[in-house]
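# Structural characterization, general
Single-letter residue listing:
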Amino acid sequence: MQLRVLETSESVARLVALDLWESIEAGARRLGFATGRTMIDVYREFVELAEALPKNWNWSGIQTYNLDEYVGLGPQNSRSFHYFMQQHLFLPLALDNAHTHVPNGLAPDLERECQEYEEIATESPIDVQLLGLGINGHIGFNEPGTPFSSTTHIVKLSGATLQQNAPDFDGSEPPGKALTMGIQTILNARRIMLVATGIAKAQALEALLYGPVGTECPASALRLHPQVSVYVDRALMDGVLERQQSKEVPTHEIRV
Ligand code: GLP
């Protein structure tokens, strides 16, 4: 696992966007995307990079796969993850709808939707999977206790997650259920880039980096994957080190 510590959340977003772009230049075509406030800056930087491309640069070979979606919200609903992706990435890059895949939270048969989504997401490995980090250590919407062998499934969201995502719902109640790629689905990706900023994630990041590998911290599953980069800002890393009661400054690359 490679850990990159950058001074600010802006420099984190810039580096993630650059690394993602470099992967595409190196041939990545199946991209896994995440939502959440952390990703807004990453996508803004990525769109900025894309705007500098020659006009004839062709996105038609790119397929995108999102991690998760709330049950009951569709692409027209401004609180859905699908809408988020359209606003921040799909529309600015003018990606073809047929090439952008998001679980359908309005599917009449949700179990079947999960099976079908799993099939398309794992048809061949996703080249690069972006991940955020929940304050309880979730990745996608895989809450603590989710087996590492899980595939795309319906999840009942935890109180911590509902609280974390409540600001996106302006006082109205967030949906209590979601569809999410499983931990195994995520681990199938060739390369994983996890992005986390801000001191509120210190406990989750500490568990990811130094805690036991186990279902209590879903993100700890990433320690089983050979190609993971974790991008964090200094404030968050300082919070982790304080929790570790150590002032030792890590190198830019640590192996855990
Ligand atoms: C939601 C998403 C996660 C994401 C998390 C982080 O819960 N399902 O995939 O990692 O938000 O959100 P934020 O970046 O807003 O802290």
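Below is a summary of the structure that appears in this document.

Rules used in this analysis
- Residues numbered from 1 in each chain as written.
- Predicted model: local features only at pLDDT ≥ 70, side-chain atom pairs only at ≥ 80, totals over all residues.
- Heavy atoms only, no water.
- Pairing = 2+ DSSP bridges.
- Helix = DSSP H or I, 4+ residues; strand = E, 2+ residues; numbered from the N terminus.
- Core = buried A, V, L, I, M, F, W, Y, C linked by side-chain atoms within 4.5 Å.
- Buried < 20%, exposed > 50% of the residue type's maximum accessible area, 1.4 Å probe, protein only.
- Contact = heavy atoms within 4.5 Å.
- Near = heavy atom within 4 Å.
- Polar contact = N/O pair within 3.5 Å; in protein donor to acceptor, adjacent residues only side chain to side chain.
- Nonpolar A, V, L, I, M, F, W, Y, C, P; charged D, E, K, R; others polar.
- Right-handed = clockwise from strand over helix to strand, strands pointing away.
- Axes fitted to C-alpha atoms, helices over the stretch in contact; angles between N-to-C directions.
- Parallel < 35°, antiparallel > 145°, perpendicular 65-115°, else oblique.
- Left-handed = near helix turned anticlockwise from the far one by under 90°.
- Salt bridge = Lys/Arg side-chain N within 4 Å of Asp/Glu carboxyl O.

With that settled, consider the sheet that holds strand β3 (residues 63-66). Strands sit in the order β1-β10-β9-β6-β2-β3-β5 across an open sheet of seven strands; the sheet is parallel. The sheet terminates laterally at β1 (2-6) and β5 (100-101), the two strands that pair on one side only.

Most often, soluble globular proteins keep nonpolar side chains buried together rather than apart. By size, the foremost hydrophobic cluster in this structure holds 71 residues, and its most contacted members are Trp59 and Leu205. In terms of residue count, helix α1 (residues 9-25) provides more of this core than any other element does, eight residues in total. Once residues lying within four places of it in the same chain are set aside, the contact partners of Trp59 are Trp21, Ile24, Phe46, Ala50, Leu53, Leu93 and Leu95.

Outside of glycine, negative phi angles account for most residues, and trans bonds account for most peptide bonds. Not every positive phi belongs to a glycine, and Ala94 is a case in point at roughly 55°. Structurally, Ala94 can be placed in the loop between α3 (81-90) and β5. For Asp170, which is not a glycine, the phi torsion comes out positive at approximately 40°. Within the fold, Asp170 resides in the loop between α5 (159-165) and β8 (177-180). Take Asp170: its relative accessible area is 63%, and that puts it in the exposed class.

This part covers the site of the ligand. Not every one of the 14 residues close to the ligand is listed here, only the nearest: Arg37, Thr38, Asp68, His138 and Lys201. A distance of 2.8 Å is found between an oxygen atom of the ligand and a backbone nitrogen or oxygen belonging to Arg37. Here an oxygen atom of the ligand sits 3.3 Å away from a polar atom, N or O, in the main chain of Leu133. Taken together, the elements giving at least two residues each to the shell around the ligand come down to α2 (37-51) and α5. Each residue belonging to the shell around the ligand can be placed in one class, and the counts come to three nonpolar, eight polar and three charged.

Let's shift gears to the pairing of strand β2 (residues 30-33). Of the two faces of β2, the one lined by Arg30 and Gly32 and the one lined by Leu31 and Phe33 are each fully buried. Note that β2 and β3 share four bridges and pair parallel. Paired with Leu31 across the two strands is Thr64, which belongs to β3. Note on the crossover from β2 through α2 to β3: the handedness is right-handed. In this sheet, strand β6 (residues 128-131) lies alongside β2 in parallel orientation, the contact comprising two bridges.

Before going further, it helps to examine the packing of α1 against α2. The geometry of α1 relative to α2 is characterised by a closest axis approach of 8 Å and an angle of 50° between their N-to-C directions. Regarding the angle of α1 to α2, the classification is oblique. As for the relative orientation of α1 and α2, their crossing is right-handed in sense. Contacts between α1 and α2 pair Ala13, Arg14, Val16, Ala17, Leu18, Leu20, Trp21 and Ile24 from the former with Asp41, Val42, Glu45, Phe46, Glu48 and Leu49 from the latter. Taken together, the residues of the contact of α1 with α2 break down into ten nonpolar, no polar and four charged.

Our focus in this paragraph is the pattern of salt bridges. What the rule picks out here adds up to ten salt bridges. A salt bridge links Arg190 to Asp127, with the nearest nitrogen and oxygen atoms 3.0 Å apart. Of this pair, Arg190 sits in the loop between α6 (183-187) and β9 (191-196) while Asp127 sits in the loop between α4 (110-121) and β6; the two residues are 63 residues apart in sequence, bridging distant segments of the chain. The exposure class of Asp127 is buried, given its relative accessible area of 15%. Three or more residues joined by partner-sharing salt bridges are found here, namely Arg14, Asp41, Arg44 and Glu45.

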